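# Overview (structure and organization)
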Amino acid sequence: MFDAASSPGQTPQPLPPAQPPAQGVPGPRTPVSTQERPRQTARPGGKQRDAFFDNAKYLAIVLVAMGHSWEPLKGDSRILEGLYTVVYSFHMPAFIIISGFFSRNFDMRPDRLKRLITGVLVPYVVFETAYPLFNNLVTGSHEQISLLDPWFLTWFLCALFVWRLTTPIWKLVRHPLPVALVIAMLASLTPSIGDDLDLQRVLQFLPYFVLGLNMKPEHFQLVRRRSVRIAAVPVFAAALLVGWWAVPRMNTAWFYHRDSAQELGAPWWCGPVMTLAMMACSLLLTACFFAWVPGRKTWFTTLGAGTICGYLLHGFLVKFADYRGWFDRAWLHRPLGEILVTLIAGVAVTLLCTAPVRRVFRFAMEPKMEWAFKQDAARLARERGRQAPEKAAS
């Protein structure tokens, strides 16, 4: 998301290009399908963006916005709540896996720490302050600002900050994914963790981030084969049926990963069991989602770079409509009304991902803040070294 959903302030690395055959040596007989290899789009300065990841980020943020718009309506529609359940089972795991994938090169180098602060921590502070103020302005309430209790959407920024800081640790651990999974299972049966910094979500979603850290470009290629794309159709169809069946039988709060088993009224042992079951379902549907993401450049590929704007700003629209009681209109709770709300949410978050919006809100989401950091002496020395020959030549 960061470059929004995936890697705040960090340039995505393209998939390694195929090496041309040596002169006089015939290349492989089987050509690589253009649909199997994501195309890359040029960036200013010669850098490349991977169209597949930008497409995935955009499509995921659209699902996030639609899911939030369904929350006030789903109680009156079993079909909509079943669809909501399916979407919530994979849209954040997909985002988090991509975020982990683009965090693979993170270390404690000063320039990367600075990007982490300006691309994640600063937006968290800004929007954790802005959302309660917005609530007070619109509703006339007096909600207090708390940087320890993430409000609505900001939990992801808090979680990403913690996850990325721990990246060097996961690089040292011999079996990082099993360790992260055990931590998530233990968190699900520990109600004493509390709500500070939304640590339940931080810990319960941790395995998806660690999985992304350990993925390689070829892993994404595996799920994007034609056979997987075809298999994804019956899998999603079955998931929708299971989601519809589960509506009166399952508490959808399990998908939020913000409560322990005891807080959801279940025996303690249900926490670890549900953690494993939810991860299995989430990874299956996430793989199907990635299989359907186009690898070529599309009309929405460039919007993938602006998903942080779509993510953080669409919450104001959803909350404003909720505060004003717009979702209480009876006709919105009928099929045509639900479709209309879904389309509006998709269009709105698309507009919020566009370049003009990014430019307007860059001060809050991608600030440079050079004034706040010490100058890197090594970098300044390199710049002086490059400038000296130029001055001598002139």
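Residues numbered from 1 in each chain as written. Predicted model: local features only at pLDDT ≥ 70, side-chain atom pairs only at ≥ 80, totals over all residues. Heavy atoms only, no water.

## A short note on the overall build of the protein chain
- Tallying secondary structure elements over the protein chain gives 17 helices and 2 strands in all.
- Look at the contacts in the protein chain between residues 6 or more apart in sequence, and 78% of them connect residues 24 or more apart. (Helix = DSSP H or I, 4+ residues; strand = E, 2+ residues; numbered from the N terminus. Contact = heavy atoms within 4.5 Å.)

## Some details on empty space enclosed by the protein
- Inspection of every chain in the model, using the stated rule, returns 2 cavities of 30 Å³ or more.
- Counted as a void, the largest cavity has a volume near 40 Å³.
- Along the walls of the largest cavity sit Ser188, Gln204, Trp254, His257, Gly271, Met274, Thr275 and Met278, which together make up its complete lining.
- At 4 residues, helix 12 (residues 270-292) tops the list of elements feeding residues into the lining of the largest cavity.
- A class-by-class count of the residues in the lining of the largest cavity yields 3 nonpolar, 5 polar and no charged.
- What the second largest cavity holds in volume is close to 30 Å³. (1 Å grid on protein atoms, 1.4 Å probe; cavity = no way out; pocket = protein on both sides within 12 Å on 5 of 7 lines; lining within 4 Å. Points joined across faces, edges and corners; volume = space filled by probe spheres on them. Nonpolar A, V, L, I, M, F, W, Y, C, P; charged D, E, K, R; others polar.)

## With respect to the pattern of salt bridges
- Per the counting criterion, the structure on display carries 9 salt bridges.
- In this structure, the salt-bridge partner of Arg109 is Asp111, at a minimum N-O distance of 2.7 Å.
- Take Arg109: its relative accessible area is 39%, and that puts it in the partly exposed class.
- When its relative accessible area of 27% is taken as the criterion, Asp111 is described as partly exposed.
- When the shortest N-O distance is used, the salt bridge between Arg115 and Asp111 registers 3.8 Å. Of the two residues, Arg115 and Asp111 both sit in helix 4 (residues 110-139), 4 residues apart, roughly one turn of that helix.
- Looking at Arg115, the relative accessible area reads 28%, which means it is partly exposed. (Salt bridge = Lys/Arg side-chain N within 4 Å of Asp/Glu carboxyl O. Buried < 20%, exposed > 50% of the residue type's maximum accessible area, 1.4 Å probe, protein only.)

## A few points about the nonpolar core
- Core analysis: the biggest nonpolar cluster contains 97 residues, and Trp163 and Phe290 have the highest contact counts within it.
- The dominant element in this core, judged by the number of residues it contributes, is helix 1 (residues 51-70), at 12 residues.
- In contact with Trp163, other than residues within four places in its own chain, are Ile96, Trp155, Phe156, Arg201, Val202, Phe205, Leu206 and Phe209. (Core = buried A, V, L, I, M, F, W, Y, C linked by side-chain atoms within 4.5 Å.)

## A look at the confidence of the model for the protein chain
- Per-residue confidence for the protein chain gives a mean pLDDT of 85; residues scoring 70 or more make up 83%.
- Note on residues 4-39: pLDDT is under 50 here. Beyond four places in sequence and across chains, it has 79 contacts.
- Segment residues 41-46 is flagged for pLDDT under 50; beyond a separation of four residues in sequence, or across chains, it makes 10 contacts in the model. (pLDDT = per-residue confidence, 0-100.)

## Description of the packing of helix 1 against helix 14 (residues 335-352)
- With their axes 8 Å apart at the nearest point, helix 1 and helix 14 run at an angle of 135° to one another. In terms of orientation, helix 1 and helix 14 fall into the oblique class. Crossing geometry of helix 1 relative to helix 14 is assigned as right-handed. Seen from helix 1, the contacting residues are Tyr58, Ile61, Val62, Ala65, Met66, Ser69 and Trp70; seen from helix 14, they are Val341, Thr342, Ala345, Gly346, Val349 and Thr350.
- Taken together, the residues of the contact of helix 1 with helix 14 sort by class into 9 nonpolar, 4 polar and no charged. (Axes fitted to C-alpha atoms, helices over the stretch in contact; angles between N-to-C directions. Parallel < 35°, antiparallel > 145°, perpendicular 65-115°, else oblique. Left-handed = near helix turned anticlockwise from the far one by under 90°.)

## Description of helix 3 (residues 91-101)
- Within helix 3, 11 of the 11 residues are buried, which leaves it mostly tucked inside the rest of the structure.
- Contacts made by the buried residues of helix 3 are with helix 1, helix 2 (78-88), helix 5 (155-165), helix 9 (206-213), helix 10 (217-222) and helix 12.

## Observations concerning the packing of aromatic side chains
- Overall, the coordinates contain 36 aromatic pairs when judged by the stated rule.
- Between Phe134 and Phe320 the ring centres are 6.5 Å apart and the planes differ by 45°, which places this aromatic pair in the tilted class. Note that Phe134 is positioned in helix 4 and Phe320 in helix 13 (residues 307-323), a separation of 186 residues in sequence.
- On the basis of relative accessible area, Phe134 is assigned to the buried category, the value being 18%.
- On the accessibility criterion, Phe320 (27% relative accessible area) is partly exposed.
- Ring centres 5.8 Å apart and planes at 45° place the aromatic pair Phe289 and Phe290 in the tilted group. Phe290 carries the same exposure label as Phe289, and that label is buried.
- An aromatic cluster is defined as three or more aromatic residues linked by ring pairs; in this entry it consists of Phe52, Phe53, Phe90, Phe101, Phe102, Phe220, Phe236, Phe289, Phe290 and Trp292.
- Between the NZ or CZ atom of Arg78 and the centre of the ring of Trp244, over which it lies, the distance is 3.7 Å.
- A cation sits over an aromatic face here: Lys319 above Phe152, 4.5 Å from the ring centre. (Phe/Tyr/Trp six-rings, centres within 6.5 Å; stacked < 30°, edge-to-face > 60°. Lys NZ or Arg CZ within 6 Å of the ring centre and 35° of its normal.)

## A word on a negative patch on the surface
- Taken together, the side chains of Asp149, Asp195, Asp196 and Glu263 define an acidic patch exposed on the protein surface.
- Relative to the helices and strands, Asp195 resides in the loop between helix 7 (176-187) and helix 8 (199-204). (Patch = residues over 30% accessible without salt bridge, like charges linked within 9 Å, V, L, I, M, F, W, Y side chains within 5 Å. Areas by Shrake-Rupley, 256 points an atom, 1.4 Å probe, with all protein chains shown as cover. Lys, Arg positive; Asp, Glu negative; His and termini not counted. Charge placed at Lys NZ, Arg CZ, Asp CG, Glu CD.)

## Considering the environment of Ala246
- The residue Ala246 is located in helix 11 (residues 226-246) in this model.
- In sequence terms Ala246 and Gly82 are 164 residues apart; their C-alpha atoms lie 7.4 Å from each other.

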